[in-house]
Amino acid sequence: MRIGAHVDSTDPLGAATARDADTVQFFLTDPQAWKDPAPRDDAEALRASGVDVYIHAPYRINVATLNNRIRIPSRKLLMTHAAGAAAVGAKGIIVHGGHVEKVEDIATGFDNWRKAFEYAAKAGGFATPVLIENTAGGDNACARRFDALARLWDAIGEYEPGFCLDTCHAHAGGEDLLTAVDRIKAITGRIDLIHANDSKDDFDSGRDRHDNLGSGRIDPELVVAVVRAAGAPVVVETPGGVEGQAADITFLRDRVGR
Ligand SMILES: [Zn+2]
């Protein structure tokens, strides 16, 4: 089982060693910025390292929105970050499902997702597999509730996108974790990555505050069950730096093996 952590982008390989992780995830730019990634000096080292690399796309990206001043730059930014991810040999680029402004806009939001894949396909496709992540909050989100996720996949399934399940987001988003893996696989046919995070907040709170495994409101054995059922690589996006994340990785490794 490949298990790692979301780490600072300065020295991902050093961060992996410090955590005894065989997988890392990081941002290529400031996640709050609208910025194309710059070439990295460690690109060759990352590709050759044997550490599996995942890139998280900037948070600003929302390809679903009806606001074209956000939607158009979002789909371009997803393309450039997918290319930057390919340059470091990443296995996937994780992007949040996005949202629309009003509940009646949601059908257009799903269609905007389809347009983003269509736009990419015309340019030769995304350079790295896109893994769409479920989100915790918002009433008009494309990938918070799994009924919305099913409609999203109806719109984009032909492009064979990947899926990243975040346990904190599912819990806070109001989806039962015990049955989540089966229900998602029935929709997407796949889970490519697990974000194994505890949640500081209650079920269906809509809040997105990650916690270390066993420190928040999710039974840690439920997170283990999700990891086992999904059979996918795991990234913890938890606080506490090296110490906190290494403890979370050890907790999972002790239960699911190396
Ligand atoms: Zn996540």
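The shown structure was predicted, so the numbers you read here are calculated from the model rather than taken from an experiment.

Caption draft 1: Spatial organisation of the overall build of the protein chain. Helix and strand content of the protein chain: nine helices and ten strands. For 258 residues, the compact-globule estimate of 2.2 N^0.38 gives 18 Å, and the C-alpha radius of gyration of the protein chain, at 17 Å, lies within 12% of that figure. In terms of overall dimensions, the protein chain has a C-alpha envelope of 45 × 40 × 30 Å along the principal axes. In the protein chain, once contacts between residues fewer than 6 apart in sequence are set aside, the share between residues at least 24 apart is 75%. Placing the 29 positive and 38 negative side-chain charges of the protein chain at their respective mean positions leaves the two points 4 Å apart.

Caption draft 2: Representation of the packing of aromatic side chains. A full pass over the atoms with the stated rule returns five aromatic pairs. Ring centres of Phe 117 and Tyr 159 lie 5.6 Å apart, and the angle between their planes is 15°; this geometry places the pair in the stacked category. Linking Phe 117 in helix H4 (residues 106–122) with Tyr 159 in the loop between helix H5 (146–156) and strand S6 (162–166), this pair joins segments that are 42 residues apart in sequence. Relative to Phe 163, the ring of Trp 153 has its centre 6.1 Å away and its plane inclined at 75°; by these criteria the two rings are edge-to-face. With Trp 153 in helix H5 and Phe 163 in strand S6, the pair connects residues that are ten residues apart, well separated along the chain. In this structure, Trp 153 and Phe 163 share a single accessibility class: buried. Every member of this aromatic cluster is reached through a ring pair, and the members are Trp 113, Phe 117, Phe 126 and Tyr 159.

Caption draft 3: Looking closely at the coordination of the zinc ion. On the protein side, the zinc ion has Glu 133 (OE), Asp 166 (OD), His 195 (ND1) and Glu 237 (OE) as donor atoms, found 2.0 to 2.2 Å from it. With four donor atoms in place around the zinc ion and angles of 83 to 169° between them, the coordination shape is irregular. Along the chain, the residues donating to the zinc ion are arranged with the sequence spacing E-x32-D-x28-H-x41-E. Remark: Asp 166 occurs in strand S6 and Glu 133 occurs in strand S5 (residues 130–133); sequence separation between them is 33 residues. Here Glu 133 matches Asp 166 in class, with each residue buried.

Caption draft 4: Here's a closer look at the sheet that holds S5. Strand order in this closed barrel of eight strands is S1-S2-S3-S4-S5-S6-S7-S10, and the pairing throughout is parallel. Strand-to-strand twist across the sheet, computed as the mean angle between neighbouring axes with direction ignored, equals 30°. Summarising the sheet, S6 and strand S7 (residues 193–195) pair through three bridges and their orientation is parallel. Bridging from a neighbouring strand, Asp 166 pairs with His 195 of S7. With respect to the sheet, helix H9 (residues 241–256) is in contact with strand S1 (3–6) and strand S10 (234–236), its orientation differing from that of S1 by roughly 155°.

Caption draft 5: Structural context of the UniProt feature "domain: Xylose isomerase-like TIM barrel" (unreviewed entry) in the protein chain. Feature annotation in UniProt places "domain: Xylose isomerase-like TIM barrel" (unreviewed entry) on residues 18–254, given in this structure's numbering. As a span, residues 18–254 carries 41% helix and 14% strand, and end to end its C-alpha atoms are 18 Å apart.

Caption draft 6: Focus on the pairing of S1. Here three bridges tie S1 to S10, and the two strands are oriented parallel to one another. Looking at S10, one finds that Ile 3 is bridged to Val 234. Bridge count between S1 and strand S2 (residues 23–27): three bridges; the pairing is parallel. Its bridge partner lying in S2, His 6 is registered against Gln 25. Of the crossover connections in this fold, the one passing from S1 over helix H1 (residues 12–19) to the parallel S2 is right-handed.

Caption draft 7: Examining the layout of surface pockets more closely. Taken as a whole, the largest pocket encloses approximately 280 Å³ of empty space. If you trace the largest pocket, you find 17 residues lining it, with Tyr 59, His 96, Gly 98, His 99 and Thr 135 closest to the centre. Taken together, the residues that form the lining of the largest pocket break down as five nonpolar, nine polar and three charged. The space that makes up the second largest pocket amounts to roughly 180 Å³. Lining the second largest pocket we find Val 103, Ile 106, Phe 110, Gly 138, Asp 139, Asn 140, Ala 141, Arg 144, Arg 145, Asp 147, Ala 148 and Arg 151. Mapped by element, the contributors of at least two residues to the lining of the second largest pocket are H4 and H5.

Caption draft 8: Spatial organisation of helix H3 (residues 68–87). Between its first and last C-alpha, H3 extends 29 Å over 20 residues, near the 28 Å set by a 1.5 Å rise per residue. Among all positions of H3, only Arg 71, Ser 74, Arg 75, Leu 77, Leu 78, Met 79, His 81, Ala 82, Gly 84 and Ala 85 are buried. Elements that come into contact with the buried residues of H3 comprise strand S3 (52–56), strand S4 (92–96) and H4. Of the residues flanking the start of H3, the one acting as N-cap is Asn 67, its side-chain oxygen 2.9 Å from the backbone nitrogen of Arg 69. Gly 89 sits one or two positions beyond H3 and adopts a positive phi of about 75°.

About the criteria used
Note on numbering: residues in each chain are counted from 1, in written sequence order. Since the coordinates come from a predicted model, pLDDT governs what is reported: local features require at least 70, and pairs of side-chain atoms require 80 or more to be given and counted, while whole-chain, interface and lining totals use all residues. Heavy atoms from the whole structure form the basis of all side-chain values; hydrogens and water molecules are not counted. The way it works is that DSSP assigns letters per residue, a run of H or I at least four long becomes a helix, a run of E at least two long becomes a strand, and they are numbered from the N terminus. For a compact globule the rule gives 2.2 Å times the number of residues to the power 0.38, and the radius of gyration it is set against comes from C-alpha atoms. Residues are treated as being in contact if the distance between any of their heavy atoms lies within 4.5 Å. We count Lys and Arg on the positive side and Asp and Glu on the negative side, and we leave His and both chain ends out. Lysine's charge is taken at NZ, arginine's at CZ, aspartate's at CG and glutamate's at CD. Only centres within 6.5 Å qualify two rings of Phe, Tyr or Trp (six-membered ring in Trp) as a pair; their planes then separate them into stacked at under 30 degrees, edge-to-face at over 60, and tilted for everything else. Note on classification: 1.4 Å probe, protein chains only; a residue is buried when its accessible area is under 20% of the maximum for its type, exposed when over 50%, partly exposed between these limits. Here a donor is an N, O or S atom found within 2.8 Å of the metal, or within 3.2 Å if the metal is Na, K or Ca; sites may look incomplete because water is not among the atoms. For four-coordinate sites, all angles between 85 and 135 degrees define a tetrahedron; for four- and six-coordinate sites, opposite donors beyond 155 degrees with the remaining angles between 65 and 115 define square planar and octahedral shapes respectively, and all other cases count as irregular. Only when DSSP finds a minimum of two bridges between them are two strands counted as paired. Note on geometry: axes are lines fitted to C-alpha atoms, helical ones only across the stretch in contact, with angles between N-to-C directions running from 0 to 180 degrees. UniProt positions are given in the numbering used here, feature names are shortened, and annotations may be inferred rather than shown by experiment. For the handedness criterion, the strands are oriented away from the viewer, and a crossover whose path from the first strand over the helix to the second runs clockwise is classed as right-handed. Grid points spaced at 1 Å and placed over the protein atoms alone form the basis of the search, with a cavity being a set where a 1.4 Å probe fits but cannot get out and a pocket an open set showing protein on both sides within 12 Å along at least five of seven lines. Lining residues have an atom within 4 Å of a point. Grid points are joined across faces, edges and corners, and a volume is the space filled by probe spheres set on the points. Lys, Arg, Asp and Glu make up the charged group, whereas Ala, Val, Leu, Ile, Met, Phe, Trp, Tyr, Cys and Pro make up the nonpolar group; the residues left over, Gly among them, are polar. A helix's residues, less one, multiplied by 1.5 Å, set its expected span. Two N or O atoms form a polar contact when they lie within 3.5 Å of each other; inside protein one atom must be a possible hydrogen donor and the other a possible acceptor, and for residues adjacent in sequence the pair counts only when both atoms belong to side chains.

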